[in-house]
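Observations on the model geometry
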Amino acid sequence: MIKILVTGGSGNIGSALVEKLFHNKENFVVVVDNLSTGCLSKLPEQHSHAYTFIKGDVNNYRDVSEIMLTYKFDYVFHLAAVVGVQRTQENPVSVLNDIDGI
C-alpha cells in the first residue's frame, strides 16, 4: 500500500487531488486540514478504508510530527496555505507561517 499525505486536502485543489488518488486501490491517503477555508463535503465518504481525515494545522510541529511518525508516508503533497487576497493581506504572518511550516 502506498501511503500519501495531502495537506490542505479539503480545499479546491486538494480535494480534487484526493479524489484522483482515492480511485487507485493501492493508495491510502491521509488528509490533513485545519478547515479554515476547506470543506469536508468535498472529500469522499469517511467510511472508506482508503483514506482518513485529520483536523490539524501543518504549521503546528506537534500535529505534523505525530502524523508523520505514525504513517511514514511515501509521498507528501503540501497544498495547505492561507488563500485569498483579502485573507492574506489581513493575516500576513499566517502567510509567512505557511512558508515556514511543514
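Read on for an overview of the structure. (Residues numbered from 1 in each chain as written. Predicted model: local features only at pLDDT ≥ 70, side-chain atom pairs only at ≥ 80, totals over all residues. Heavy atoms only, no water.)

1. A closer look at the nonpolar core
The following threshold applies: Residues belong to a common nonpolar core when they are buried Ala, Val, Leu, Ile, Met, Phe, Trp, Tyr or Cys residues joined through side-chain atoms within 4.5 Å. Classification of residues uses two cut-offs on accessible area relative to the type maximum, computed with a 1.4 Å probe and protein chains only: under 20% is buried, over 50% is exposed, and between them is partly exposed. Helix and strand assignments follow DSSP, with helices taken as H or I runs no shorter than four residues and strands as E runs no shorter than two, numbered in order from the N terminus. Residue contacts are defined here by distance: any two heavy atoms, one from each residue, within 4.5 Å place the two residues in contact.
The biggest cluster of nonpolar side chains holds eleven residues, and these are Ile4, Val6, Val18, Leu21, Phe22, Val29, Val31, Leu43, Ala50, Tyr51 and Phe53. Within the residue set of this core, elements represented by two or more residues are β1 (2–7), α1 (12–22), β2 (27–33) and β3 (51–55). The greatest single-element share of this core, amounting to three residues, is contributed by α1. Excluding its chain neighbours within four sequence positions, the residues that come into contact with Leu21 are Ile4, Val6, Asn27, Val29 and Phe77. One finds Val30, Val64, Phe73 and Ala80 within the second-largest nonpolar core, a separate group that totals nine residues.

2. Topic: the sheet that holds β1
Sheets are built from strands paired through backbone hydrogen bonds, the pairs being either parallel or antiparallel. Let me state the cut-off plainly: At least two DSSP bridges between two strands are needed for those strands to be called paired. Between N-to-C directions, angles cover 0 to 180 degrees, with each direction set by a line fitted to C-alpha atoms, over the stretch in contact for helices.
On the basis of which strands lie adjacent, the open sheet formed by four strands has the order β3-β2-β1-β4 and parallel pairing. Edge strands, defined here as strands with exactly one partner in the open sheet, are β3 and β4 (75–78). For this sheet, the mean inter-axis angle between neighbouring strands, taken without regard to orientation, is 15°. Two elements, β1 and β2, share six bridges in a ladder whose sense is parallel. Pairing of Val6 across the sheet is with Val31, part of β2. Strands in contact with α1 are β1, β2, β3 and β4; relative to β1, the strand with the most contacts, it is inclined by about 165°.

3. What about the packing of aromatic side chains?
Using the following cut-off: Two rings from Phe, Tyr or Trp (for Trp, the six-membered ring) form a pair when their centres are within 6.5 Å of each other. A pair whose planes differ by under 30 degrees is stacked, one over 60 is edge-to-face, and the rest are tilted.
Scanning the entire structure with this criterion turns up three aromatic pairs. Plain terms: the ring middles of Phe22 and Tyr51 are 6.1 Å apart, the flat faces sit at 90° to each other, and that makes the pair edge-to-face. A residue pair is termed long-range when its members are at least 10 positions apart, and Phe22 in helix α1 and Tyr51 in strand β3 qualify at 29 residues. What makes Tyr51 buried here is its relative accessible area of 4%. For the ring pair Tyr71 and Phe73, a centre distance of 5.6 Å and an interplane angle of 25° mean the geometry is stacked. These aromatic residues form a ring-pair network of at least three members: Phe28, Tyr71 and Phe73.

4. A word on the pairing of β1
So the rule is basically this: Place the viewer so that the strands point away; then a crossover is right-handed whenever the path from the first strand over the helix to the second strand goes clockwise.
You can see the chain leave β1, run along α1 and come back into β2, and the turn it takes is right-handed. Here β1 runs beside β4; their pairing, made up of four bridges, is parallel. Residue pairing across strands places Ile4 opposite Tyr75, the latter belonging to β4.

5. Description of the side chain of Asp33
Defined as follows: We treat Lys and Arg as the positive residues and Asp and Glu as the negative residues; His and chain ends play no part in the count. Salt bridge criterion: a side-chain nitrogen from Lys or Arg within 4 Å of a carboxyl oxygen from Asp or Glu. Here a polar contact is recorded for every N or O atom pair within 3.5 Å, except that within protein the pair must consist of a potential hydrogen donor and a potential acceptor, and residues adjacent in sequence are included only if both atoms are side-chain atoms.
Position of Asp33 among the secondary structure elements: in strand β2. Buried and unpaired, Asp33 has Lys55 as its nearest opposite-charge partner, separated by 8.6 Å. For Asp33, the side chain forms a polar contact with the main-chain nitrogen of Gly9, separated by 3.4 Å.

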